[in-house]
Amino acid sequence: MKITCSTEHLRKNLQAVQRAVANKGILPVLSNVLFTSLHDSEGHIKIIGTDLEIGVESRLEIGAAEKINITIPAKKLFEIVNKFPDETVHFDFHENGSVDLIGEKLKFNLNTLPADDFPRLPHVNRDTQFSLGLSDFCQAIRQTTFATATDTAKSILTGVNVQLDNGQLRLAATDGYRLAVRQLVLHDNSPQALNVIIPKRTLVELERLIKQDEREMVGMSVTDSHVLFESDGKVLTSRLIEGKYPDYNKILPKSFGRKVWFETKPLLSAVERVAIMASEQTHVINFDIQASELIITAGAEQGKARESVEVKTEGEPLNISFNANYLMDVLKIFAEDASHSLLQLNSEIQPAVIHSVDNDDYVCMLMPIKP
Amino acid sequence: MKPIQLLDAQVANQIAAGEVVERPASVIKELVENALDAGATFIQVEVDQGGRFLRVVDNGFGIPAESVGLAFQRFATSKLQSFEDIWSINTMGFRGEALPSIASVARVEILTRTADQDIAKRLVIQGGEIIENSSAGGPVGTSLTIRDLFYNTPARLKFLSSETTELGYIQQLMQAFALGLPEIGFKFVKKGKTVIQTSGQQSLSSVVRQILGKDLADSLYTVSHETPAGLVQGVLSYPDCVRRDRNYQFLFVNRRWVKVPGITKLVDDLYADLVPKKNFPVAILQLELPAGNVDVNVHPNKKEVKFKHFSQIFQLTREGIQNSLSRYNFERSASLGPPVVDSGAAEPTPLTVPTVSTAASAMNPVKASAGNAFDDDDEIPPFAMPLPVVQPSVQEPAAPVYASPLAPAPVPVQPAGPSWAPELPTRPPQVLELPDLKITPPPAPVEAGAPLEPVSALGQACDYTYIVAHYGNGLALLDQHVAEERYLYEELLEQAKILSQPLLLSVVIEIDEIERGLLEENRKAFERAGFEWEEEGPGSIAIRAIPHCLRFAETEATFKEVLLELRESGVAKVYLESFNRLCKTIACHSAIRAGDPLTLEQMQKIVQNWSKTRNPYTCPHGRPILLKFSKLELNKRFLRTW
């Protein structure tokens, strides 16, 4: 069996697939990628990689209509193709189970493993697939995944909650100290109501996989236990996190006694500077909110810092402390595309809520530290 | 009915023997103590036949020929003239019961000569009767041979344990004597084999090495502490060298081997958060107390004593051990990195009294009665204990010994006086000198800011469980979890109030009535630790805030664990104890875990923090933190020995 393909196409395909390949050897075959022409149209093969958590498949155009079903070591293959000097690569599969990669003046011989051992990706019915704006969705992923919990002891919080209701899609993440919620409006007729938890890694990998795509939309399909995303011939399948996500709507404050309007980037820079002196244990940074200025202070074993930032306020002065790291995480996200933001507060022990001055489809909530 | 009669002497002695002569080991104890009182500097003990054959030979004063027979009469003693004397005895035997009691239940042969006599006296006594009285050749001193112990008291004979056990008791006793009295030469011959032999010229450390082995001896530190209450001296093992039993814990009070449960408990408590549960250090302690302050007349076998001012003696011993333990820690940390130089920052900030809002007091109506002992905020002492030691009792003042820790060099162990190994034959004053033990006066405190960092992390090993680090010119493995746990624990303990992180999502946990009670009783400790909660329903509470360092996901586990511990410990009402437990549990649930991948920078941070701790050896639950390999050791393993 022989196939021929464009080196460039193959490289792109492998680049997409290889991030799903297991790098720790659970099963030897999971270190390989599957090349298969089964269930596919003439002139194409699928390349599939998976670590049993997520799976990525991509479609590769091949010259001839050969029947292929074999796995090849992913890492070596990717390295070879990355450095391959010629425009096309010829694969020659041997009876004994090895494969030759042939160029004009070079030949590699790789050992393979049989395709029968390679796990099948879970089947996700795409009848109910709906579309999301690709760039908005990628932004929503960046805006929420940072707030997920890293502690696997509470697995529900390690994922992002995705709710669909009345054509509104809401992504939310919290680790118990902060909450990030992003709303998206769906373009086409959104189908059913939906409430699932998608692992953080799935979304991070998805964003990486599709953000360069020259497409406007990404397709999403959901079953009880799996989710599938599809863009530009690439398909990412992942399991969902089982469980019931906490109802964060209840904890979002409805009214605020104090409001602070600020320029996002200058405040972020000021916080970053003052945080240098924050305690390495507690990371406490203090906001003294005055009528027209915000005084940021921090101090610990090694010294103190103080910086004042011009702001516009409404309500009484307030003194409130935050974990500097959490605060910077939030401000960094806003600094990406909100020149001015609004910080809303009630008291020094109640949550602070931040959103962009221009639109309120994205909200972050942050618990203060008790003084 | 039989008429009441006076018991004849033989029966009376046999009954007394039951008290004094419990088993072969108690005979040996009596005889060795007699020998010591006779000024012996060398004592040889031979045993055989499961303890029924015993011989004690000493080089003491001997008994004058004319009074040898008297020694076997009940209440005959050379040591007391009047009842008042009994309060100030400095000798070991005094009740005058031992020899006649033994003689009543065995065949005894005594051979004794004093220095001013040319010929020795030989007496054979059986069943209390002198059956042979002759003169014989013999050295100065006394030799007592006991054959067929309990031959005429079959009941007692039946209750003797196996040979191994009985001889084992005697061996333990002889170990105790040899360790406790290194200035006396001991030879212990068990079934014809010499098991223990000390010269009486050795230092304690060499006796320890000889009896307990080199490895153990190398992990001992000395204790020497004197107050008006008395003097405590001895050796204890470091927390990283402990045993599963207390077989190597010996206490001598005025050179008498005794058991004092209070002191045993004290040693346990001092090591409580340094070693795993049910592990005990080696501890050989000598207390020198004014004779009038000790009552040894509690029990005929004199194994128990009473103290006049036990709290003083308790404190003396505690301070002695704590001083040395903390000095040892200081030395270690000095060799690891800059010591904790507590500058102004160490000044304990007063506890900020949480303003009791009306809502809070409504929620907590039983507070006044539940926490009566601790309601007064003044009662909460600033918690600045360098050595995280469980306070043995509430009444004790909060560790005044440590008021200003470590910085001023503690009193060096360099007694100018006479040594433990004395010039013979005069009985020396009991001053310890342990030249072989590597206890040097602590190095001068390293100046703050002087960067010296002999520990630096290299990477992680074994599925991200251990940090591999340069350690001096050797190598070390640190358990990353416990290393950070130790650091966090010490940090937390020092906080007047642990910073509280309110939660976005409160954690609801179910509690029963007992737990609710415990929570109320310990509300202050929980609040100081940064926890806040509200009633949620009849059987549950909602935790609203947690200590800033605690992992959110561990909230419930931490809370439940502390409640369980409080429930089991029964000391739930001791504020400091509860806070201490909380800190331990919080530290454990806050620290990075085995399996967490770390950047080199994070590892470096953990190692640096750890090197500043006061006890870098074990985690608060007693697990070891550090495993080190010297270059020499590694060279040996690689046969790089040129």
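Cut-off values and rules
- Residues numbered from 1 in each chain as written.
- Chains lettered and ligands numbered in written order.
- Predicted model: local features only at pLDDT ≥ 70, side-chain atom pairs only at ≥ 80, totals over all residues.
- Heavy atoms only, no water.
- Helix = DSSP H or I, 4+ residues; strand = E, 2+ residues; numbered from the N terminus.
- Buried < 20%, exposed > 50% of the residue type's maximum accessible area, 1.4 Å probe, protein only.
- Contact = heavy atoms within 4.5 Å.
- Areas by Shrake-Rupley, 256 points an atom, 1.4 Å probe, with all protein chains shown as cover.
- Polar contact = N/O pair within 3.5 Å; in protein donor to acceptor, adjacent residues only side chain to side chain.
- Buried area = accessible area lost by both parts, 1.4 Å probe.
- Nonpolar A, V, L, I, M, F, W, Y, C, P; charged D, E, K, R; others polar.
- Phe/Tyr/Trp six-rings, centres within 6.5 Å; stacked < 30°, edge-to-face > 60°.
- Salt bridge = Lys/Arg side-chain N within 4 Å of Asp/Glu carboxyl O.
- Axes fitted to C-alpha atoms, helices over the stretch in contact; angles between N-to-C directions.
- Left-handed = near helix turned anticlockwise from the far one by under 90°.
- Pairing = 2+ DSSP bridges.
- pLDDT = per-residue confidence, 0-100.
- 1 Å grid on protein atoms, 1.4 Å probe; cavity = no way out; pocket = protein on both sides within 12 Å on 5 of 7 lines; lining within 4 Å.
- Points joined across faces, edges and corners; volume = space filled by probe spheres on them.

Q: What is the right way to look at the overall build of chain B in this model?
A: If you tally the helices and strands in chain B, you get 18 helices and 24 strands. Counting the 642 residues in chain B, one finds 52% classified as buried. Pairs at least 24 residues apart make up 72% of the contacts formed inside chain B by residues separated by at least 6 positions. Summed over all atoms, the accessible surface of chain B reaches about 28800 Å², with 55% contributed by carbon and sulfur.

Q: I would appreciate a short explanation of the side chain of Asp479 of chain B in the present structure.
A: Residue and element names in this part refer to chain B. Within the secondary structure layout, Asp479 lies in strand S20 (residues 474-479). Within the structure, Asp479 has its side chain in polar contact with the backbone nitrogen of His481 (distance 3.1 Å). Once you skip the residues sitting within four places of it in the chain, Asp479 turns out to touch Thr465, Tyr466, Arg623, Pro624 and Ile625.

Q: Is there a simple way to explain the interface of chain A and chain B in this structure?
A: The extent of an interface is frequently quoted as the accessible surface area lost upon association of the parts. With 22 residues of chain A in contact, the opposing surface of chain B contributes 20 residues. A buried area of about 1900 Å², summed over both sides, lies between chain A and chain B, and 62% of it is on carbon and sulfur atoms. For chain A, the biggest contributors to the area lost against chain B are Tyr177, Gln281 and Lys370 of chain A; these three give 31% of the whole. Counting across the chain A and chain B interface gives 10 residue pairs in polar contact (both at pLDDT 80 or more). Looking at the side of chain A that touches chain B, its residues break down into 12 nonpolar, 4 polar and 6 charged.

Q: In this structure, what is going on with unusual backbone geometry? I would like to understand it.
A: Glycine aside, residues mostly have negative phi, and peptide bonds are mostly found in the trans state. Residues and elements named next belong to chain B. One non-glycine residue with positive phi stands out, namely Gln49, at about 50°. Note that Gln49 resides in the loop between strand S1 (42-48) and strand S2 (53-58). With a phi angle near 60°, Cys462 is a residue other than glycine that sits in the positive phi range. Note that Cys462 resides in the loop between strand S18 (455-461) and strand S19 (466-471). Judged by its relative accessible area of 52%, Cys462 is exposed.

Q: Help me understand the packing of aromatic side chains in this model?
A: The geometry of two aromatic rings is summed up by the distance between their centres and the angle between their planes. All names here are of chain B. Taken as a whole and assessed by the stated rule, the structure comprises 16 aromatic pairs over all chains. Relative to Trp257, the ring of Phe250 has its centre 5.9 Å away and its plane inclined at 65°; by these criteria the two rings are edge-to-face. No difference in accessibility class separates Phe250 from Trp257, as the two residues are buried. A centroid spacing of 5.2 Å and a plane angle of 50° characterise the contact between Phe526 and Phe559, whose relative ring orientation is tilted. A residue pair is termed long-range when its members are at least 10 positions apart, and Phe526 in helix H14 (residues 523-528) and Phe559 in helix H15 (residues 555-569) qualify at 33 residues. Judged by its relative accessible area of 1%, Phe526 falls in the buried class. An aromatic cluster is built from Phe526, Phe531, Trp533 and Phe559, whose rings are joined through pairwise contacts.

Q: Would you explain the pattern of salt bridges in this entry?
A: Side chains bearing opposite charge may pair, as long as their charged atoms lie close to each other. Under the defined criterion, the tally for this structure stands at 42 salt bridges over all chains. Glu46 of chain B is paired through a salt bridge with Arg55 of chain B; the nearest N and O atoms lie 3.7 Å apart. According to the relative accessible area criterion, Arg55 of chain B is partly exposed, its value standing at 23%. Taking the shortest distance from any N to any O, the salt bridge between Arg551 of chain B and Asp596 of chain B comes out at 3.3 Å. Placement of the pair is Arg551 of chain B in the loop between strand S23 (540-547) and H15 and Asp596 of chain B in the loop between helix H16 (575-590) and helix H17 (600-611), with a sequence separation of 45 residues. Given a relative accessible area of 16%, Arg551 of chain B falls into the buried group. Linked through salt bridges whose partners overlap, the residues forming this network are Arg19, Asp51, Arg201, Glu205 and Arg208 of chain A.

Q: What should I look at first to understand the packing of helix H1 (residues 7-18) of chain A against helix H2 (residues 74-82) of chain A in this one?
A: Angle between the axes and distance between the axes are the two parameters that describe a pair of packed helices. All names here are of chain A. In contact at an axis separation of 10 Å, H1 and H2 are set at 145° when each is read in the N-to-C sense. The hand of the H1/H2 crossing is left-handed. Counted together, Thr7, Leu10, Arg11, Leu14, Gln15 and Gln18 of H1 and Leu77, Phe78, Val81 and Asn82 of H2 form the full contact between these two elements. Residue composition of the contact of H1 with H2, by class: 5 nonpolar, 4 polar and 1 charged.

Q: I tried to follow the sheet that holds strand S12 (residues 168-174) of chain A on my own but got confused; where do I start?
A: By way of backbone hydrogen bonds, the strands of a sheet pair with one another, either parallel or antiparallel. All names here are of chain A. Within the open sheet, the 9 strands sit side by side as S14-S11-S12-S13-S26-S25-S24-S18-S22. Their pairing is antiparallel. A single partner strand is all that each edge strand has here, and the edge strands are strand S14 (194-199) and strand S22 (312-314). Between one strand and the next, the sheet's axes are offset by a mean angle of 20°, whatever the strand orientation. Pairing analysis gives 4 bridges linking strand S25 (residues 352-356) to strand S26 (residues 362-366), with the strands arranged antiparallel. Note that in S26 the partner of Ile354 across the bridge is Cys364. Contacts between helix H4 (residues 200-210) and the sheet are confined to strand S11 (159-165) and S14, with S14 contributing the most and set at about 80° to the helix.

Q: I'm lost on the pairing of strand S19 (residues 284-289) of chain A in this one. Help?
A: Regular strands place side chains that alternate from one sheet face to the opposite one. Residues and elements named next belong to chain A. Inspection of the sheet shows S19 paired to strand S23 (residues 318-323) by 6 bridges, in the antiparallel sense. Within the sheet, the bridge partner assigned to Asp288 lies in S23 and is Asn319. Alignment of S19 against strand S20 (residues 293-300), held across 4 bridges, turns out to be antiparallel. Counted as the bridge partner of Ile289 is Leu294 from S20.

Q: I'm lost on the confidence of the model for chain B in this one. Help?
A: Residue and element names in this part refer to chain B. Per-chain confidence: chain B averages 72 in pLDDT, with 71% of residues scoring 70 or above. Contacts of residues 80-95 to residues separated by more than four positions or lying in other chains number 38 contacts, the stretch itself having pLDDT below 50. Contacts for the low-pLDDT stretch residues 330-453, under 50 throughout, to residues beyond four places or in other chains number 195 contacts.

Q: Hey, could you run me through the pairing of S26 of chain A in this one?
A: Residues and elements named next belong to chain A. The buried fraction of S26 is high, at 5 of 5 residues. Here S26 shows a buried face lined by Tyr362, Cys364 and Leu366 and a second buried face lined by Val363 and Met365. Of the pairings in the sheet, the one linking strand S13 (residues 178-185) to S26 comprises 5 bridges and is antiparallel in character. When the bridges of S26 are listed, Arg178 appears paired with Leu366. In textbook terms, the turn of a hairpin is the stretch between consecutive antiparallel strands, and for S25 and S26 this stretch comprises 5 residues.

Q: What am I meant to see in the layout of surface pockets here?
A: Considering only enclosed or pocket space, the second largest pocket measures out at about 2000 Å³ in volume. Lining of the second largest pocket is provided by 48 residues; of these, Thr150 of chain A together with Arg551, Ile592, Asp596 and Gln602 of chain B occupy positions nearest its centre. Elements with a minimum of two residues in the lining of the second largest pocket: helix H6 (324-337) of chain A together with helix H12 (480-494) and H17 of chain B. Ranked by the residues each element gives to the lining of the second largest pocket, the list is headed by H17 of chain B, at 5 residues. Looking at the lining of the second largest pocket residue by residue, the classes come out as 18 nonpolar, 16 polar and 14 charged.

Q: Can you help me understand the environment of Val204 of chain A in this one?
A: All names here are of chain A. Turning to its location among the elements, Val204 is positioned in helix H4. The exposure class assigned to Val204 is partly exposed, which follows from its relative accessible area of 24%. Here the alpha-carbon distance between Val204 and Thr145, two residues 59 residues apart in the chain, equals 7.5 Å. Beyond its immediate chain neighbours, meaning those up to four positions away, Val204 contacts Ile141 and Thr145.

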